[in-house]
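# Fold and geometry: a report
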Amino acid sequence: MNTIVELYDKEPLENVLSACIFQPEMVVYVCDVKDNTLRKERAVYRFFRSRGIRAKARFYYIDTTDLGLILKLLHAIRKDYPDCVFDCTGGKDLVLLAAGIFCMENRVPAYYMDIASRRFINLFGCESMQKQFSVPDLSAENIFALTGAKLVGSGHFKGETLDSEFEDDVLAVWNEILRDQNGWHRTAGFLQAAGARHPEQELGIHAKTEIRVNTQLTASADENFLRRLEHIGVIRDLRFDGQRVEFFHKSTLMRRCLQNHGIWLELFAYVSAKRSGLFSDVRTSVLVDWDGSEYNNKGTRNEVDVLAVHNVTPVFISCKMGVPTPLALSEIKMLSDKFGGERTQTVLLTAADVEKKNPAVAQRARDLGIYLLDARKMDSGALAKRLRIIAEK
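A brief look at the structure comes next. As the structure is a prediction and not an experimental result, all values here were calculated from the model.

## Here's the deal with empty space enclosed by the protein
Per the counting criterion, the structure on display carries two cavities of 30 Å³ or more. Quantified by volume, the largest cavity comes out at close to 70 Å³. Forming the boundary of the largest cavity are 13 residues, of which E11, L13, L146, G340 and G341 lie nearest the centre. Taken as a whole, the second largest cavity holds about 40 Å³ of empty space. In terms of lining, the second largest cavity is formed by Y8, P12, N15, V16, A43, V44, F47 and L146. For the lining of the second largest cavity, the secondary-structure elements that each account for two or more residues are α1 (13-22) and α2 (39-51). For the lining of the second largest cavity, the leading source of residues is α2, giving three residues. Residues that form the lining of the second largest cavity fall into these classes: seven nonpolar, one polar and no charged.

Set out below in structure tokens:
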């Protein structure tokens, strides 16, 4: 088997999965002439590159409502590629029906893959391929490449490594935040105000315990919460001297994170999923370029809080410390559908009691097919297992 014939489908994964699994020399695509933009071709080539697939791709465009033209093309493909095998997993209805008739009448090998149940179904003459079948593990880069998009970095962590020691600190800080969310809110505001008065590269903070932010807002040091941060080791040498406070951050990365009120929920989700070993890839603060252009840096970009991939299923996780707005729900659903395809799952992780504070928003999430998870009720292991259950649905 050197050539696979794909009946181009609106679901991107179905167009490239066979190439992932069987590594053919050529993939031939039968496409609708009404959609002859180069975007689908760019998406296929980008995905092949992201996976290191060396197969060549050839695209045929025809009127997919004309049975005669479809059959004529299928005969031409077989003539050009006599060793071809048909993947009947996707494609428009008439093209799929025509391909089935063509393969049966001409005894051309054909198969179908049921990704949900991880089954390979041999239609004609694909016994050897059945033994090779295995659902692959995709990466974040692969997921975005499916739609021609590109992962272009991280919004919060530009080139920085989140090592195991930092992950330990994340879980420790998150436990303190859960214990006292009001204290954390005051502390984050104070650290932002104090940090603004010191160069970013400095780890030391020497500030008044009361900092005037503007005419209406004063940031106050919460001694109790700062003591707990010192106890878990993310700040050190904490001293309160009258109306002043001094301490040192553990690292420049920790300094920046402690000045960000909402990042810790994202980090908790990231560390929980990553350490579980249940996912093939886990990323946080994912910055994605819709067009994936190599030359244009002005395209549409969005940031995804956390992305966890289980086999070929992406789980897009949006993190909100408070009650999300209906607009926030719509945005994460739109992004996950655009980049993840039919198998994508969408999760909203929150540290607020949404069901109680805003039942309408909770219902809106259910209506959109978004899983609403309350982080206050889950430790790291419980969250990871819940995400795995969602990914396997």
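## Quick notes on the sheet that holds strand β17 (residues 370-374)
With mixed pairing, six strands are arranged side by side in an open sheet as β7-β13-β14-β15-β16-β17. Bordering the open sheet on either side are β7 (150-154) and β17, each of which pairs with just one other strand. Adjacent strand axes in the sheet meet at a mean angle of 40 degrees when their direction is disregarded. The pairing of strand β15 (residues 313-320) with strand β16 (residues 345-350) spans six bridges and is parallel. Within β16, the residue paired with F316 across the bridge is T346. Lying over the sheet, helix α11 (residues 263-276) contacts β13 (281-289), β14 (301-310), β15 and β16, oriented at roughly 130 degrees with respect to β13.

## Comments concerning the pairing of strand β11 (residues 235-241)
Inspection of the sheet shows β11 paired to strand β12 (residues 244-249) by five bridges, in the antiparallel sense. Note on β12: the bridge partner recorded for R239 is E246.

## Description of the packing of aromatic side chains
For the structure shown, the criterion picks out 13 aromatic pairs. Seen from the ring of Y8, K40 lies directly overhead, with NZ or CZ sitting 5.1 Å from the centre.

## Some remarks on the side chain of T209
Mapping T209 onto the fold places it in the loop between β8 (204-208) and β9 (210-212). If we skip the residues at most four places from it in the chain, T209 touches F190, A219, S220, A221, F240, G242, Q243, R244 and V245.

## Some details on the layout of surface pockets
If you add up the space inside the largest pocket, you get close to 450 Å³. In this structure, the largest pocket is lined by 22 residues; those nearest its centre are Y8, D9, K10, D35 and K40. For the lining of the largest pocket, the secondary structure elements donating two or more residues are β2 (26-32), α2 and α12 (326-340). Of the pockets and cavities examined, the second largest pocket occupies roughly 180 Å³. Contributing to the lining of the second largest pocket are 13 residues, with S154, L162, Y270, R283 and T284 lying nearest its centre. Elements that contribute at least two residues to the lining of the second largest pocket include exactly β7 and β13. Among the elements that take part in the lining of the second largest pocket, β13 stands out by supplying five residues, more than any other.

The rules behind these values
Residues numbered from 1 in each chain as written. Predicted model: local features only at pLDDT ≥ 70, side-chain atom pairs only at ≥ 80, totals over all residues. Heavy atoms only, no water. 1 Å grid on protein atoms, 1.4 Å probe; cavity = no way out; pocket = protein on both sides within 12 Å on 5 of 7 lines; lining within 4 Å. Points joined across faces, edges and corners; volume = space filled by probe spheres on them. Helix = DSSP H or I, 4+ residues; strand = E, 2+ residues; numbered from the N terminus. Nonpolar A, V, L, I, M, F, W, Y, C, P; charged D, E, K, R; others polar. Pairing = 2+ DSSP bridges. Axes fitted to C-alpha atoms, helices over the stretch in contact; angles between N-to-C directions. Contact = heavy atoms within 4.5 Å. Phe/Tyr/Trp six-rings, centres within 6.5 Å; stacked < 30°, edge-to-face > 60°. Lys NZ or Arg CZ within 6 Å of the ring centre and 35° of its normal.

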